[in-house]
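Residues per chain, in single letters:
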Amino acid sequence: MSEPVPTGATGAAEAEAGPSQPPAPAPSAQNKPKQPVVILCIGMAGSGKTTLMQRLNSYLHSKKTPPYILNLDPAVSHMPYSANIDIRDTVDYKEVMKQYNLGPNGGILTALNLFTTKFDQVLSFVEKRAESVDYVLVDTPGQIEIFTWSASGAIITDAIASSIPTCVAYIIDTPRTTAPATFMSNMLYACSILYKTRLPFILVFNKTDVQPHDFALEWMTDFEAFQAALGTRGSGGGGVDAEGGYMDSLMGSMCLVLEEFYNNLNAVGVSAMTGEGMREFFAAVEKARGEYETEYKPELERLAADRKDRAEGDKKASLERLMLDMNVDAGSSARRPAGPGRGARGTGTRGGGDGAGEANPFGPHARNEREDRYLDDEPDSEEEAAIRRQEEEEDEAAEAEDYDLRDMEEAEPEIGGLPRVSPGMAWPRPS
């Protein structure tokens, strides 16, 4: 992965902005380093993400502010624009499928996971170009769940948002949302992504050259209009009565639930083919930048401070435990008898007298003067006493058995010169 050669399109603009900075009333704000806005383009497969990326790239080049582009889709076969950093230059999607015996979705997910392990280098390239670009465009995989619900997608999003102002552009296929059920599905998915990323969010209704997005804006602001659309068009699910079906009732309830979601959402309509709505889109991006600075960034700094405080607390607790262990060890060492030659009492010798002679190798104290002498006469514990009694009984039993064996083995004495009586024999009767 090599860093692309920076373009000089923004050099003149920076030169013009330079002299105006010193007389500004708030020098601390003016001296703040310039940061671009990262636009994460997320959307369902077929919603026109790649085509919209090309339109955004073309529009920014026409304004003499070329963007910095990242492609995170390893399975795309053709891109109508040139990316500064392309995941395909790092990870071979087809080779990943072959080596790991994966299908298409598994190959995309694994390729993105492998690329995420080096994303710190990608982020360093982006930060190096931060002062020379105004916008960073990020194209995500067509399978939306791979980026939004995977660990790699969350890592990439958090890594970018933690250092650079970031917003999410959720791209919707407008012609396919004319059915209330499809519209509600898109809104629920957008709501889930918003609460998962916690970033400024923009709803982008694409393909307005085919179908204007006025109906969608009306449904978002007027609950009765959405209810009327449910009554006339139905849920589009089939098999259930449109006027009294449970799907219509469910979607009507969800529309009421999402009312707060609609009120705090930026929605624009664009056409990736004609370029319509580009100005409104970038106006919404600038508004999202302000939301990032006022809402997301303070929350991010608070979370970072909390993590730092917890780390400091854990470090302090570990240090206290270590010091406590060291104090216990020091106290145990202090209770031990001092070695030869330490202190006034450490000069004792075997010979006594004037202190001359060989030092006592067993310490300066006699047996009855040691600090641990109480251990000599300390009574045994109940367990030790029981063990000792059992051992004594076993010894006594073994000794008694030995005595019995010796008694049995002793030869019987002869009586009156008669032979010893063997087992089974009897003395002869007198005649």
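J.: Looking at this structure, how should I read a nonpolar patch on the surface?
T.: There is a patch of nonpolar side chains on the surface, built from L319, L322, M323 and M326 and spanning about 380 Å² of accessible area. Within the secondary structure, L319 sits in helix α14 (residues 278–335).

J.: Mind showing me how you'd approach the confidence of the model for the protein chain here?
T.: Low pLDDT marks regions whose predicted coordinates should not be analysed in detail. When pLDDT is averaged across the protein chain, the result is 78; 71% of the residues are at 70 or more. Per-element confidence in the protein chain ranges from a low mean pLDDT of 41 for helix α1 (residues 11–17) to a high of 96 for strand β4 (residues 135–139). In this model residues 1–30 is a low-confidence stretch, pLDDT under 50, and it forms 23 contacts with partners more than four residues away in sequence or in other chains. The low-confidence segment residues 237–243, where pLDDT is below 50, has seven contacts with residues more than four positions distant or belonging to other chains.

J.: Got a minute to help me understand helix α3 (residues 49–62) in this structure?
T.: Note on helix geometry: an α-helix contains 3.6 residues per turn, so any two residues three or four positions apart are oriented the same way. For α3, spanning 14 residues, the distance from its first C-alpha to its last is 20 Å, which sits close to the expected 20 Å at 1.5 Å a residue. Every buried residue of α3 is listed here: K49, L52, M53, L56, N57 and L60. Looking straight down α3, one finds that the buried residues subtend no more than 140° of arc, so they occupy a single side. Following α3 by one or two positions, K64 adopts a phi angle in the positive range, close to 60°.

J.: Help me understand the packing of aromatic side chains in this model?
T.: Given two aromatic rings, one states the distance between the centres and the angle between the planes to describe the pair. Within this structure, the stated rule accounts for 11 aromatic pairs. On the basis of an interplanar angle of 75° and a centroid distance of 5.2 Å, the ring pair of F183 and W219 is categorised as edge-to-face. Of this pair, F183 sits in helix α9 (residues 180–197) while W219 sits in helix α10 (residues 214–221); the two residues are 36 residues apart in sequence, bridging distant segments of the chain. Following the ring pairs from residue to residue traces out a cluster consisting of Y59, Y135, F281 and F282.

J.: What exactly am I supposed to notice about unusual backbone geometry here?
T.: Leaving glycine out, the prevailing phi sign among residues is negative, and the prevailing peptide bond configuration is trans. Unusually for a residue other than glycine, K64 sits at a positive phi of about 60°. Locating K64 in the fold gives a position in the loop between α3 and β2 (68–71). Positive phi, close to 55°, is recorded for N101, a residue that is not glycine. Looking at the element boundaries, N101 is found in the loop between α4 (93–100) and α5 (104–116).

J.: What am I meant to see in the nonpolar core here?
T.: Here is a general trend for soluble globular proteins: nonpolar side chains tend to be buried in one another's company. In terms of nonpolar packing, the biggest core is built from 63 residues, with F201, L203 and Y262 touching the most fellow members. By residue number, the principal contributor to this core is α9, which donates eight residues. Setting aside residues up to four positions removed in sequence, L203 forms contacts with Y170, I172, M187, A190, M220, L265, N266, A267 and V268. In this structure, L56, V268, A272 and F282 belong to the second largest nonpolar core, which totals 28 residues.

J.: Quick question: what am I supposed to make of a negative patch on the surface here?
T.: Taken together, the side chains of E391, E392, E393, E394, D395, E396 and E399 define an acidic patch exposed on the protein surface. Looking at the secondary structure, you find E391 in helix α15 (residues 382–409). Judged by relative accessible area, which is 44%, E391 ranks as partly exposed.

J.: Help me out: how do you make sense of the pattern of salt bridges in this one?
T.: Note on pairing: side chains with opposite charge can pair once their charged atoms come close. Scanning the entire structure with this criterion turns up seven salt bridges. A salt bridge links D173 to K207; the shortest N-O distance between them is 3.3 Å. Here K207 lies in the loop between β6 (201–206) and α10 and D173 lies in strand β5 (residues 166–173), a separation of 34 residues in the sequence. Taking the relative accessible area as the measure of exposure, D173 reaches 11% and is therefore buried.

J.: Is there a simple way to think about the sheet that holds β5 in this case?
T.: Backbone hydrogen bonds are what pair the strands of a sheet, in a parallel or an antiparallel way. The parallel open sheet is built from seven strands, whose spatial order is β3-β2-β4-β1-β5-β6-β7. The sheet is open, and its two borders are formed by β3 (85–86) and β7 (266–269), each paired with just one other strand. Pairing between strand β1 (residues 37–43) and β4: five bridges, direction parallel. Looking across to β4, one finds that V37 is bridged to Y135.

J.: Just checking my understanding: could you explain the state of the cysteines for this structure?
T.: Note: disulfide means a covalent bond formed between the sulfur atoms of two cysteine side chains. Across all of its chains, the model carries zero disulfides by this definition. Unpaired in terms of disulfides, C167 finds its nearest cysteine sulfur in C41, a separation of 8.5 Å.

J.: How do you make sense of the environment of S192 when you look at a structure like this?
T.: Within the fold, S192 resides in helix α9. Given the relative accessible area of 25%, S192 is considered partly exposed. Sequence separation between S192 and T148 is 44 residues; the distance between their C-alpha atoms is 9.5 Å. Within polar-contact distance, the side chain of S192 engages the backbone oxygen of Y189 at 2.6 Å.

J.: Just to check I follow, could you spell out the environment of I171 for this structure?
T.: Within the secondary structure, I171 sits in strand β5. Its relative accessible area of 1% is what places I171 among the buried residues. With 129 residues separating them in the primary sequence, I171 and I42 have C-alpha atoms 6.1 Å apart. In this view, I171 contacts C41, I42, G43, M44, S47, K49, L52, V204 and N206; residues no more than four positions away in its chain are not counted.

J.: How do you make sense of helix α6 (residues 119–128) when you look at a structure like this?
T.: Taken residue by residue, α6 has F119, V122, L123, F125 and V126 as its buried positions. Mapping the buried residues of α6 onto a view down its axis gives an arc of 155°, with all of them on the same face. Seen from the buried face of α6, the exposed residues on the opposite side, beyond 90 degrees, are D120 and K128. Packing partners of the buried residues in α6 comprise β2, β3, α5, β4 and α8 (151–161).

J.: Mind showing me how you'd approach the pairing of β4 here?
T.: Along a regular strand, successive side chains alternate from one face of the sheet to the other. The buried fraction of β4 is high, at five of five residues. Of the two faces of β4, both are covered, the one formed by Y135, L137 and D139 as well as the one formed by V136 and V138. Both β2 and β4 contribute to a ladder of four bridges, which runs parallel. Looking at the pairing, Y68 lines up with V136 of β4.

How each quantity is defined
Residues numbered from 1 in each chain as written. Predicted model: local features only at pLDDT ≥ 70, side-chain atom pairs only at ≥ 80, totals over all residues. Heavy atoms only, no water. Patch = residues over 30% accessible without salt bridge, like charges linked within 9 Å, V, L, I, M, F, W, Y side chains within 5 Å. Areas by Shrake-Rupley, 256 points an atom, 1.4 Å probe, with all protein chains shown as cover. Salt bridge = Lys/Arg side-chain N within 4 Å of Asp/Glu carboxyl O. Helix = DSSP H or I, 4+ residues; strand = E, 2+ residues; numbered from the N terminus. pLDDT = per-residue confidence, 0-100. Contact = heavy atoms within 4.5 Å. Expected span 1.5 Å × (residues − 1). Buried < 20%, exposed > 50% of the residue type's maximum accessible area, 1.4 Å probe, protein only. Arc of directions from axis to C-beta. Phe/Tyr/Trp six-rings, centres within 6.5 Å; stacked < 30°, edge-to-face > 60°. Core = buried A, V, L, I, M, F, W, Y, C linked by side-chain atoms within 4.5 Å. Lys, Arg positive; Asp, Glu negative; His and termini not counted. Charge placed at Lys NZ, Arg CZ, Asp CG, Glu CD. Pairing = 2+ DSSP bridges. Disulfide = S-S within 2.5 Å. Polar contact = N/O pair within 3.5 Å; in protein donor to acceptor, adjacent residues only side chain to side chain.

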